[in-house]
Amino acid sequence: MAEKSTHTKENPPNANANVSVLAILAGLSISVYGIIAILSWQFDFDSVSTDRPIIAVLCLFAVTFALYLGAIRIVWRTRKSGPMMKLVIGSAIVFRVVMLFSLPIQEIDIYRYLWDGAVSTAGVSPFRYSPAQVSSAELASNADEDLLRLVKLRDDDPALAEILHRVHFPELPTIYPPTSQAVFAAANLMTPSSSSVLTRLFIMKAWFIGLDIATLFVVIGLLRRCKKPVGLCVIYAWCPLLMKEIANSGHLDAIAVFLTTLGLYLVIRSLGFQPGNPTQPSSLGFQPGKNNNSTTQAGSLGYAMLASVVLGLAVGAKLYPVILVPLVFFTVAKNFGWRFTVAPATAFVVTTAMLLSAMILNERSASDREQMHDPSLGVVTFLRRWEMNDFLFLIIIENIKPTAHLGPHETAWFTVMPESVRETMVTVVSSQFDIAAGEAPFMIARAMTAAIFFVVAITLAWRASAKDSSSFCEAAFLTIAWFWLLCPTLNPWYWTWALPLLPFARGRAWLAVSGLVLIYYLRFWLDYHFPTTAVLGTPYTGAAFYDFVVTWIEFAPWFAMLMWRSPRSLGFQPGTKIAPRLEA
């Protein structure tokens, strides 16, 4: 979006024609989502893995992504149109409703949410017992009262017994924080006790879709505050990734995404940014050390306090929003003074601590020494072991991991670090920090990517903190985007964290991520069809072929395009005005 795009243009003469074309794209999209919804019933939990139409579904999502890009182009050319906005929002809702009545495609996380909700409403902490403990316990045993209550719940309700059977990684207690648990419990309370598994699943997904639609309206509010064309909300509203990960798979990320986006909107309101203009403390009505309008100051503080609580709730839904703390803190401090940050910072810390304490300071059972009763075990395991669909992290860890004991089918082709260096590094770290040698490469790579991200986050926060509202939103987008890119787990639904802020990003390359990450599901197809057979003459079987070959196809060209088309879109070139570049 060029700089002149920050001011709304009148509609071009062919605006009505553009709306008609958009309506055609909406109709086509609804049809394709309908086909996907029908095909989803072949992904039943008990279906044969090799019979699942993964390739067909990926091709259909590629079609919806092409229609999505076409819709963005049309909206960009039309700019301002009441009928167009109604069409964008109405179609977005219809897309989600169509996908609501589909079975999760290659995802089963929602069964954990359903079980957690039932556990909470039974009056037991979901952080206390793993599903495996409940499955193996007997009603006549000498287990403690709370565990026996869950066993009775399992035995009295066949639907819950089936849900318990479907929970992924049942040996671990839940990893989902209390705000998300509250939503799970609320959905369970709204579900009739005699409901089938399918009914429970649809009700839970409906909650997430409602939050997803609420996020869309917050995005519209952000665009208005920043004097951007509100039609750019189509970038969020029509994104196929949301249809797959929220409306179809029912991922809980919709909770944290809504709260995080709302929190950032409240931060902008607290700062009093004048839309489209550079913001200095004098334009905000409050200057440290001077006489200030008490009403303006109180209003800013009120929004700041509310933003802090909402962001604390967001961290309590999923931990990632904590990465935005430096940006929010520096922005508020630079514009209002450091003393102004004390109350909002305290509100954030208290809210976050109260919520997360349930994951740490939980009442223990009689078997207090059993590791399975540790409420933090699920999160700790995730942080110390999980790796999936990564690229930057993969390059680092595969050049740290010793390979002398590995066969060619387990060794990455892009390993260039000498074996002696890798062995020395792992030996030193494992002995110095008392880490198992097998876990040391992961922890070293974690430390390296965390250090890189820390520098990125502080740099973005410092440079954007005194600029306008668009600068703030783009810095928030880049902070989340780089956090995702440096993570060892690049699940597609994690990219939904950044989607509400995508209209503020530089460069069309960022739009491509939402389509490219769906390649992730090709890993399942490769694993099902080539579990022990090498793929395309390589030494790698299905899963390894995806990890060591397909991820390069997924990410390497995208990184090249990002740097070639718009180096500033990486977020490190100072002195330029923030404005998305979505023009042809």
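Residues numbered from 1 in each chain as written. Predicted model: local features only at pLDDT ≥ 70, side-chain atom pairs only at ≥ 80, totals over all residues. Heavy atoms only, no water.

Trainee: An account of the overall build of the chain is requested, with residue identities and associated values reported.
Mentor: Looking only at helices and strands, one finds 23 helices and zero strands in the chain. Sorting the 584 residues of the chain into buried and exposed places 55% on the buried side. Within the chain, residue pairs in contact and separated by at least 24 positions form 79% of the contacts whose partners lie at least 6 positions apart. Just so you have it, the chain exposes about 23,700 Å², and 64% of that area is on carbon and sulfur atoms. (Helix = DSSP H or I, 4+ residues; strand = E, 2+ residues; numbered from the N terminus. Buried < 20%, exposed > 50% of the residue type's maximum accessible area, 1.4 Å probe, protein only. Contact = heavy atoms within 4.5 Å. Areas by Shrake-Rupley, 256 points an atom, 1.4 Å probe, with all protein chains shown as cover.)

Trainee: Describe the pattern of salt bridges, and please don't skip the residues or the numbers.
Mentor: Across all of its chains, the model carries 15 salt bridges by this definition. Residues R154 and D155 are paired through a salt bridge, measuring 2.8 Å at the closest nitrogen-oxygen approach. Here R506 and E474 are joined by a salt bridge, their closest N and O atoms 3.3 Å apart. With R506 in the loop between α20 (469-486) and α21 (509-516) and E474 in helix α20, the pair connects residues that are 32 residues apart, well separated along the chain. Beyond isolated ion pairs, a larger network of salt bridges with shared partners links R128, D144, E145, D146 and R149. (Salt bridge = Lys/Arg side-chain N within 4 Å of Asp/Glu carboxyl O.)

Trainee: Explain unusual backbone geometry to me, using residue names and the numbers behind them.
Mentor: You will see that Q106, though not glycine, has its phi angle at about 60°, which is positive. Mapped onto the elements of the fold, Q106 is located in the loop between α3 (82-100) and α4 (109-121). Look at N389: it is not a glycine, yet its phi comes out positive at around 60°. Following the sequence through the fold, N389 ends up in the loop between α16 (377-385) and α17 (392-398). Judged by its relative accessible area of 1%, N389 is buried.

Trainee: Hey, could you go over the side chain of D157 for me, with residue numbers and the actual values?
Mentor: Its place among the elements puts D157 in the loop between α6 (145-156) and α7 (158-166). Judged by relative accessible area, D157 falls into the buried class, the value being 12%. The residues contacting D157, other than those within four sequence positions of it, are S193 and R200.

Trainee: So, the nonpolar core: which residues are in play, and what are the values?
Mentor: Among the nonpolar cores identified, the biggest contains 169 residues, and F208, W238, F477, W495 and W510 are the most heavily contacted of them. With 14 residues, helix α9 (residues 197-225) is the single largest residue contributor to this core. (Core = buried A, V, L, I, M, F, W, Y, C linked by side-chain atoms within 4.5 Å.)

Trainee: Give a description of the packing of aromatic side chains that names residues and reports values.
Mentor: Scanning all chains against the criterion turns up 42 aromatic pairs. Centre to centre, the rings of Y113 and F184 are 4.8 Å apart; their planes meet at 10°, and the pair counts as stacked. In this pair, Y113 is assigned in helix α4 and F184 in helix α8 (residues 178-189), connecting sequence segments 71 residues apart. Judged by relative accessible area, Y113 falls into the buried class, the value being 1%. Stacked on the ring of W462, the Lys or Arg K334 has its end atom at 3.7 Å from the ring centre. (Phe/Tyr/Trp six-rings, centres within 6.5 Å; stacked < 30°, edge-to-face > 60°. Lys NZ or Arg CZ within 6 Å of the ring centre and 35° of its normal.)

Trainee: So, helix α12 (residues 253-271): which residues are in play, and what are the values?
Mentor: Over its 19 residues, α12 runs 27 Å from end to end, which matches the ideal 27 Å to within 8%, given 1.5 Å per residue. Counting buried positions along α12 gives 17 out of 19 residues, so the element sits mostly inside the fold. Following α12 by one or two positions, G272 has its phi on the positive side, about 65°. (Expected span 1.5 Å × (residues − 1).)

Trainee: Account for the environment of L313, with residues named and values stated.
Mentor: Inspection of the secondary structure puts L313 in helix α13 (residues 294-315). In this structure, the C-alpha to C-alpha distance between L313 and T352, residues 39 residues apart in sequence, is 6.8 Å. For L313, the residues in contact, after removing those within four places along its chain, are T179, L259, T351 and L355.

Trainee: Quick rundown of a nonpolar patch on the surface? Include the residues and the values.
Mentor: Among the surface-exposed residues, V322, V325, F329 and W338 lie close enough to one another that they form a single nonpolar patch of about 340 Å² accessible area. With respect to the secondary-structure elements, V322 resides in the loop between α13 and α14 (325-336). Residue V322 is classed as partly exposed on the basis of its relative accessible area of 41%. (Patch = residues over 30% accessible without salt bridge, like charges linked within 9 Å, V, L, I, M, F, W, Y side chains within 5 Å.)

Trainee: If you had to explain the confidence of the model for the chain to someone new, which residues and values would you point to?
Mentor: The predicted coordinates should not be examined in detail at positions where pLDDT is low. Averaged over every residue, the pLDDT of the chain is 87; residues scoring 70 or more account for 85%. This model gives residues 274-292 a pLDDT under 50, and the stretch forms 43 contacts once residues within four places in sequence are excluded. With pLDDT under 50 throughout, residues 574-584 is counted as low confidence; its partners more than four residues away or in other chains account for 45 contacts. (pLDDT = per-residue confidence, 0-100.)

Trainee: Outline the packing of α14 against α20, supporting the account with residue identities and numerical values.
Mentor: Geometry of a packed helix pair, given as the angle between the helix axes and the separation of the axes. In the contact formed by α14 and α20, the axes pass within 10 Å of each other and the chain directions differ by 160°. Between α14 and α20, the crossing angle belongs to the class labelled roughly antiparallel. In this structure, α14 meets α20 at a crossing whose hand is right-handed. Residues L327, V328 and T331 of α14 touch α20, and the partners they reach there are F472, A475 and A476. Tallied by class, the residues present in the contact of α14 with α20 amount to five nonpolar, one polar and no charged. (Axes fitted to C-alpha atoms, helices over the stretch in contact; angles between N-to-C directions. Parallel < 35°, antiparallel > 145°, perpendicular 65-115°, else oblique. Left-handed = near helix turned anticlockwise from the far one by under 90°. Nonpolar A, V, L, I, M, F, W, Y, C, P; charged D, E, K, R; others polar.)

Trainee: Just give me the short version of the environment of C233, but keep the residues and values in it.
Mentor: By the secondary structure assignment, C233 is in the loop between α9 and α10 (234-237). Placed 269 residues apart in sequence, C233 and L502 show a C-alpha to C-alpha distance of 9.3 Å. Ignoring sequence-local partners within four residues, the contact set of C233 consists of M85, V88, L216, V219, I220 and L223.

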